[in-house]
Amino acid sequence: MAMQYGETLANSGKAYVDKNINKWISFDKLKYYFSVDTSYVLNKLRIILFPYVHTNWSVHYSKAEPAPPRAEVNAPDLYIPSMGFVTFILAIGFAFGIQSRFSPEQLGIVASSTLAWLVAEVIVYLLCLYLFGVTTEVSTPDLVAFCGYKYVGMILCIITGLMLGKLAYYACLTWTSVALAYFLVRTLRLLILPQAAVDGIAHGNKRRNYLLLMMAVFQPVMMFWLTAGIIGYTPPAIPVLHTKA
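Our subject in this report is the structure included herewith.

### Looking at the overall build of the protein
Alright, step 1. The helix and strand inventory of the protein stands at 10 helices and zero strands.
Alright, step 2. Reading the helices (α) and strands (β) of the protein from amino to carboxyl end gives α-α-α-α-α-α-α-α-α-α.
Alright, step 3. Considering only residue pairs separated by 6 or more positions, the protein has 75% of its internal contacts joining residues 24 or more positions apart.
Alright, step 4. Element-wise, carbon and sulfur atoms account for 69% of the exposed surface of the protein, whose accessible area totals about 14,600 Å².

### Section: a nonpolar patch on the surface
Alright, step 1. On the surface, Phe34, Tyr79, Met83, Val86 and Leu90 cluster together into a nonpolar patch covering about 460 Å² of accessible area.
Alright, step 2. Mapping Leu90 onto the fold places it in helix 4 (residues 79–98).
Alright, step 3. Given a relative accessible area of 57%, Leu90 falls into the exposed group.

### What to know about the packing of aromatic side chains
Alright, step 1. Inspection of every chain in the model, using the stated rule, returns 13 aromatic pairs.
Alright, step 2. Geometrically, the ring pair formed by Tyr149 and Phe183 is edge-to-face, given 5.6 Å between the ring centres and 85 degrees between the ring planes. Residue Tyr149 is found in the loop between helix 6 (140–148) and helix 7 (150–164), and its partner Phe183 is found in helix 8 (residues 166–192); the two are separated by 34 residues along the sequence.
Alright, step 3. For Tyr149, a relative accessible area of 0% corresponds to the buried category.
Alright, step 4. Three or more aromatic residues link up through ring pairs in this structure, and these residues are Phe50, Tyr52, Trp57, Phe146, Tyr149, Trp175, Tyr182 and Phe183.
Alright, step 5. Its guanidinium or amino end placed over the ring of Tyr151, Lys150 lies 5.2 Å from that ring's centre, counting from NZ or CZ.

### Examining the state of the cysteines
Alright, step 1. Counted according to the given criterion, the structure contains zero disulfides.
Alright, step 2. The thiol of Cys157 is not disulfide-bonded; the next cysteine sulfur, from Cys172, is found 3.8 Å away.
Alright, step 3. Note on Cys157: relative accessible area 0%, which makes it buried.

### Considering unusual backbone geometry
Alright, step 1. Even without being a glycine, Ser100 presents a positive backbone phi close to 55 degrees.
Alright, step 2. By secondary structure assignment, the location of Ser100 is in the loop between helix 4 and helix 5 (104–131).
Alright, step 3. On the basis of relative accessibility, which here comes to 66%, the residue Ser100 falls in the exposed class.

### Remarks on the side chain of Ser139
Alright, step 1. Topologically, Ser139 is positioned in the loop between helix 5 and helix 6.
Alright, step 2. You can call Ser139 buried: its relative accessible area is 17%.
Alright, step 3. A distance of 3.1 Å separates polar atoms of two side chains, one belonging to Ser139 and the other to Tyr33.
Alright, step 4. At 3.1 Å, the side chain of Ser139 and the side chain of Asp142 are in polar contact.
Alright, step 5. In contact with Ser139, other than residues within four places in its own chain, are Lys29 and Tyr33.

Rules of the game
Residues numbered from 1 in each chain as written. Predicted model: local features only at pLDDT ≥ 70, side-chain atom pairs only at ≥ 80, totals over all residues. Heavy atoms only, no water. Helix = DSSP H or I, 4+ residues; strand = E, 2+ residues; numbered from the N terminus. Contact = heavy atoms within 4.5 Å. Areas by Shrake-Rupley, 256 points an atom, 1.4 Å probe, with all protein chains shown as cover. Patch = residues over 30% accessible without salt bridge, like charges linked within 9 Å, V, L, I, M, F, W, Y side chains within 5 Å. Salt bridge = Lys/Arg side-chain N within 4 Å of Asp/Glu carboxyl O. Buried < 20%, exposed > 50% of the residue type's maximum accessible area, 1.4 Å probe, protein only. Phe/Tyr/Trp six-rings, centres within 6.5 Å; stacked < 30°, edge-to-face > 60°. Lys NZ or Arg CZ within 6 Å of the ring centre and 35° of its normal. Disulfide = S-S within 2.5 Å. Polar contact = N/O pair within 3.5 Å; in protein donor to acceptor, adjacent residues only side chain to side chain.

Here it is in structure tokens:
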């Protein structure tokens, strides 16, 4: 009797938690964004870093019945952004170790600030969509995904800068920034400018064009902002003590 009562209570508690959490987070929807495989990840990374060789940018499924990202390489995902975020923090920790300034507290501050910048970016984009009166098929998880793809280039920039120096860092930053901006324009214009999906020409109004341009340009700016201080770090000079003869 006690076991049956305990099981009933546990099931009721689980149902209550699931009901209230689903008001804010749809786990079924989140599972869709993590439904990837190795082939999708490799192809997506190739498109992010070398978008100029990719020709077909349309999404071949209806939003009403979305296929998982592993079945559509042009669909956004959250696996690459989340793994990119973790790898980026690890790369910064490695850089701090090389520069003899590593500490768990410092790494925690960097991780928190990086996450805060990501949240702020998404909020700004949502606010712009609202203020501009733009109705699109871009959801909040989509925005998180598109904002998170920059971590791929940022990781390469940090590794390149640590291995080859500042000049190589800026060369890598230029390539990955331009590639990301091109990737975002080609991907987002089919969502923000739906007319572009018909004939390949963006016929949207000025507000939509400005929003698309802002989203494409702001990501490379954030890439520089979040990585320049790591590569450009100069250790403090150690004072030399002069002894009297």
